[in-house]
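# Summary of the model geometry
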Amino acid sequence: MKKKLFVLFTIIGIVSLSFISCQFDSEDDTYTVWTDLSSYSDFQSNFNTTLNDGMYVRLEFTSSQWSQISPSITSEGRHSWTKSQIKDWLLGRGFGDSESTQESAWITTIDHGFIASRTGNTVYYILK
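Reading guide: rules and limits
Along each chain, the written sequence defines residue order, and numbers are assigned to residues from 1. Only residues with pLDDT of at least 70 are given local features in this predicted model, and only at 80 or more are side-chain atom pairs given and counted; all residues enter the totals for whole chains, interfaces and linings. Computation of side-chain values covers all heavy atoms of the structure but excludes hydrogens and water. The predictor attaches a confidence to each residue, and that confidence, scored 0 to 100, is pLDDT. In this description, contact between two residues means that some pair of their heavy atoms is separated by no more than 4.5 Å. Only strands that DSSP links by at least two bridges are regarded as paired with each other. Helix numbers and strand numbers start at the N terminus; a helix is a DSSP run of H or I with at least 4 residues, a strand a run of E with at least 2. For every element, the axis is a line fit to its C-alpha atoms; helices are fit only across the contacting stretch, and the angle between N-to-C directions ranges from 0 to 180 degrees. Buried Ala, Val, Leu, Ile, Met, Phe, Trp, Tyr and Cys residues form a nonpolar core when they are joined through side-chain atoms within 4.5 Å. Exposure classes here rest on a 1.4 Å probe applied to the protein chains alone. A residue is buried below 20% of its type maximum, exposed above 50%, and partly exposed in between. To pair, rings of Phe, Tyr and Trp, with the six-membered ring standing in for Trp, must have centres within 6.5 Å; the planes then decide the type, stacked if under 30 degrees apart, edge-to-face if over 60, and tilted in the middle.

### Examining the confidence of the model for the protein chain
In the predicted model, the protein chain carries a mean pLDDT of 85, and 79% of its residues have values of at least 70. In the predicted structure, residues 2-24 sits below a pLDDT of 50 and forms three contacts with residues beyond four places in sequence or in another chain.

### Considerations on the sheet that holds strand β4 (residues 113-119)
Sheet architecture is open: five strands sit in the order β2-β4-β5-β1-β3, paired in antiparallel fashion. A single partner strand is all that each edge strand has here, and the edge strands are β2 (56-60) and β3 (78-82). Taken pair by pair, the neighbouring strands of this sheet meet at an average axis angle of 25°, ignoring direction. In this sheet, strand β5 (residues 122-127) lies alongside β4 in antiparallel orientation, the contact comprising six bridges. Directly across from phenylalanine 114, in β5, lies its bridge partner leucine 127. In this fold helix α2 (residues 40-47) packs onto β1 (30-39), β2, β4 and β5, with an angle of close to 105° to the strand it touches most, β1. The sheet contacts of helix α4 (residues 83-92) involve β1, β3 and β5, and relative to β3 the element is tilted by about 110°.

### Focus on the nonpolar core
Listed in full, the twelve residues of the largest apolar core are Tyr31, Val33, Trp81, Ile86, Trp89, Leu90, Phe95, Trp106, Ile107, Ile110, Ile115 and Ile126. Secondary-structure elements contributing two or more residues to this core are β1, α4 and α5 (97-109). Here the element with the most residues in this core is α4; it accounts for three residues. Ranked by size, the runner-up nonpolar core spans eleven residues in total, among them Trp34, Phe43, Leu51 and Trp66.

### Considerations on the packing of aromatic side chains
Under the defined criterion, the tally for this structure stands at nine aromatic pairs. On the numbers, 5.7 Å between centres and 20° between planes, the contact of phenylalanine 47 with phenylalanine 114 is stacked. Residue phenylalanine 47 is found in helix α2, and its partner phenylalanine 114 is found in strand β4; the two are separated by 67 residues along the sequence. Between phenylalanine 61 and phenylalanine 114 the ring centres are 5.8 Å apart and the planes differ by 15°, which places this aromatic pair in the stacked class. Highlighted residues: phenylalanine 61 in the loop between β2 and α3 (63-69) and phenylalanine 114 in strand β4, separated in sequence by 53 residues. A residue is classified by how much of its surface remains accessible, and phenylalanine 114, at 8% relative accessible area, is buried.

Okay, structure coming up:
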């Protein structure tokens, strides 16, 4: 009987440890992102498009696009941020609470992409 109880408690312990060791989407997860800014005229020139003041655009990159872009990325503006820190950065660039929640969730679930937002003559970028 003691042997059966020992085996039962051992199984319960192993199962408990396996649940504890599972990683769930945690606020402690970090993501490598790059931030930058440019003038609005540089944005127009580089992307051949317009972006109204107070608006933003987001774009997800394919693996092929990322392969072309990534060699030109330097360590300048590189951060290892949590989803909460990304949301704070967006809030600091004029995003509302619901927009920053939505966009920080989006950028942390895609492999690679960027968000560009315009405030006056300045365009802010976050790239992942």
